[in-house]
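The lines below spell out each chain.
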Amino acid sequence: MKQVLGSRDQVSGKKDGGLTPDPWPLAPETSFTIERAGTDEATFMEVFSMLLQEHKEVGCAPLDTDKAAAHCYRILEMGMTFVARDASGSAIGTLSLKEVEFWYSRTSALFDGWFYVPPTHRNGRVGVELLKAAAKEGQARGMLVFVMRANPNRRAKQTTTTLMAEMAGFLPVGYLLKVSGFRGQGPQSDSASFSSPDP
């Protein structure tokens, strides 16, 4: 069953007319809702189609369609996948979460299974509202939320970490986001640094 997390008025993608020009075009103004995805065939096909599109953009290995479809369905069954829908009901973005235990603790956190917004709806409110839905899910479960952003075309920032990585032959292709203002559960959750879970 799908659960609507916001009304079209609450999550209307309005341009903010910022003070500095943005080098990337803003997504067109679009009214949309954020819904919790179900496991029905129509929802699976919508989400999986977006994930295939994401693979075309940022995939680093050949696509195994059977494995990818099984993974997608497994994540949908966890009940923490959100889909943005435009006024006509078409899917225009998705973000999923899965529970992962830290390697050094019995405490778990929520990590994204995927986060994708098609190019036609980027630089607007769709991604922001999907992230807000993920943050709300983490708060409801008393868990930290981490979302990885992959962007192989992003310009590397000139930081010490980036320079060291480049010297070792690595190229930054993304970054890890952590929900702010919320520390999660457990006595060790006040630590300032968190490690990635075991693969």
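Everything in this summary refers to the structure shown in the same document. Please read these numbers as outputs of a predicted model, since none were measured by experiment.

Digging into the overall build of the chain
Right, so step 1: Within the chain, the regular secondary structure consists of four helices and seven strands.
Right, so step 2: In the chain, the succession of helices and strands from N to C terminus is β-β-α-α-β-β-β-α-β-α-β.
Right, so step 3: Residue burial in the chain is summarised as follows: out of 199 residues, 36% are buried.
Right, so step 4: The contacts of the chain with a sequence gap of at least 6 include a subset with a gap of at least 24, amounting to 66%.
Right, so step 5: Accessible surface computed for the chain: about 12,200 Å², of which carbon and sulfur atoms make up 54%.

Focus on the nonpolar core
Right, so step 1: Among the nonpolar cores identified, the biggest contains 20 residues, and Ile34, Ala84, Leu95, Leu97, Val126, Leu130 and Val145 are the most heavily contacted of them.
Right, so step 2: Contributing elements (two or more residues each) for this core: strand E2 (32-36), strand E3 (81-86), strand E4 (91-101), strand E5 (108-116), helix H3 (126-141) and strand E6 (145-150).
Right, so step 3: When residues no more than four places from it in sequence are discounted, the contact partners of Leu95 are Met80, Thr81, Phe82, Trp114, Phe115, Leu130, Leu131, Ala134 and Val147.
Right, so step 4: In this structure, Phe48, Leu51, Cys72 and Val83 belong to the second largest nonpolar core, which totals eleven residues.

Notes on unusual backbone geometry
Right, so step 1: Its identity is not glycine, yet Asn123 carries a phi of approximately 65 degrees, on the positive side.
Right, so step 2: Judged by its relative accessible area of 39%, Asn123 falls in the partly exposed class.

Considering the pairing of E6
Right, so step 1: Direction of pairing for E5 relative to E6: parallel, over a ladder of two bridges. Bridge assignment links Phe111 to a residue of E6, and that residue is Phe146.
Right, so step 2: One crossover worth recording links E5 to the parallel E6 by way of H3, and it is right-handed.
Right, so step 3: Two elements, E6 and strand E7 (residues 174-178), share five bridges in a ladder whose sense is antiparallel. Looking at E7, one finds that Met148 is bridged to Leu176.

Criteria and thresholds
Residues numbered from 1 in each chain as written. Predicted model: local features only at pLDDT ≥ 70, side-chain atom pairs only at ≥ 80, totals over all residues. Heavy atoms only, no water. Helix = DSSP H or I, 4+ residues; strand = E, 2+ residues; numbered from the N terminus. Buried < 20%, exposed > 50% of the residue type's maximum accessible area, 1.4 Å probe, protein only. Contact = heavy atoms within 4.5 Å. Areas by Shrake-Rupley, 256 points an atom, 1.4 Å probe, with all protein chains shown as cover. Core = buried A, V, L, I, M, F, W, Y, C linked by side-chain atoms within 4.5 Å. Pairing = 2+ DSSP bridges. Right-handed = clockwise from strand over helix to strand, strands pointing away.

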